[in-house]
Amino acid sequence: MAASILNADFAELHSEIACIEGVADVLHLDVMDGNFVPNLTFGPLVARAIRGITDMPLDVHLMVMNPERYIGEFAEAGADWISIHVEAASQGEKALRDIRERGLKAGLALNPATGTREMRRFLSLIDFAVVMTVVPGFGGQSLIREALGKVRQLKDMAGGDGGELEVEVDGGVKASNLPEVMREGADIVVVGSSIFTARDRRAAALEIRGIMDNKEGMLL
């Protein structure tokens, strides 16, 4: 599970992160530029501050135009994973190579309206794919179920090219739809508002963790 801090209370960020440590596997940071998506969030300085208060792997999702310009800064800030959008990267191959050459996991994300064939030429350069199940920009949206079919498509595509691909589902995931998401084959799920708008953050995170740990039962 990747816990997205997009809806966390930034005035209490240390305690917000502490409440999901030991439950979530990864901390997901949504970086938005107000250009590729209609919202602004934060940059490398905040990522660096977060790196200073947690040992959790940082999954930096660059929802920005020309993401290749920012890879170095986020790598130096402490990112462990960096994903860019296929729709926004004018130099996608170069950017993905740059991420990997820095020893980080490289990911490629696609929006709900983007078909999976746009990913084919990048498969040998990525460690994970991000299937957006909301239109990116704001937290708390409802999951677009039609986008879930891309999980299987990407896995089949990667298998045909001689490798396995981790697929991350990002957007609108919560306890009520998580079994459906897992049945589609998701390896990683990004969960944000259903944790960080809950009265008891840790209990909400533990509920998600429990559902994921029962994956075998859901697939029967």
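First, a word on what this report is: a plain description of the structure on this page. (Residues numbered from 1 in each chain as written. Predicted model: local features only at pLDDT ≥ 70, side-chain atom pairs only at ≥ 80, totals over all residues. Heavy atoms only, no water.)

## Overview of the nonpolar core
The line we're drawing: Nonpolar cores are built from buried Ala, Val, Leu, Ile, Met, Phe, Trp, Tyr and Cys residues. Side-chain atoms within 4.5 Å join them into one set. Remark: exposure states derive from per-residue accessible area (1.4 Å probe, protein chains only) relative to the maximum for the residue type, with buried under 20%, exposed over 50%, and partly exposed in between. Residue contacts are counted whenever heavy atoms from the two residues lie within 4.5 Å of one another.
Judged by nonpolar contacts, the single largest core of 65 residues is most densely connected at I20 and L27. In this structure, L27 is in contact with A3, I5, I17, I20, I50, T54, M56, P57, L58 and D59, ignoring residues within four places of it in sequence. Formed by ten residues, the second largest nonpolar core is a distinct cluster that contains A109, F128, V130 and V134.

## With respect to the pattern of salt bridges
Which entries qualify depends on this criterion: Salt bridges are defined as contacts in which a side-chain nitrogen from Lys or Arg sits within 4 Å of a carboxyl oxygen from Asp or Glu. Think of it this way: any DSSP run of H or I at least four residues long counts as a helix, any run of E at least two long counts as a strand, and we number them from the N terminus.
Tallying each qualifying case throughout the model produces eleven salt bridges. Between R97 and E93 there is a salt bridge whose closest N-O contact spans 3.9 Å. Of this pair, R97 and E93 are both found in helix 4 (residues 92–101), four residues apart, which corresponds to roughly one turn of the helix. For R97, a relative accessible area of 39% corresponds to the partly exposed category. One salt bridge in this structure joins R100 and D127, with 3.0 Å as the shortest N-O distance. Highlighted residues: R100 in helix 4 and D127 in the loop between strand 5 (105–110) and strand 6 (128–132), separated in sequence by 27 residues. With relative accessibility at 33%, the residue R100 sits in the partly exposed group. Look at the salt bridges and you will find they share partners, linking D25, R209 and D213 into a network.

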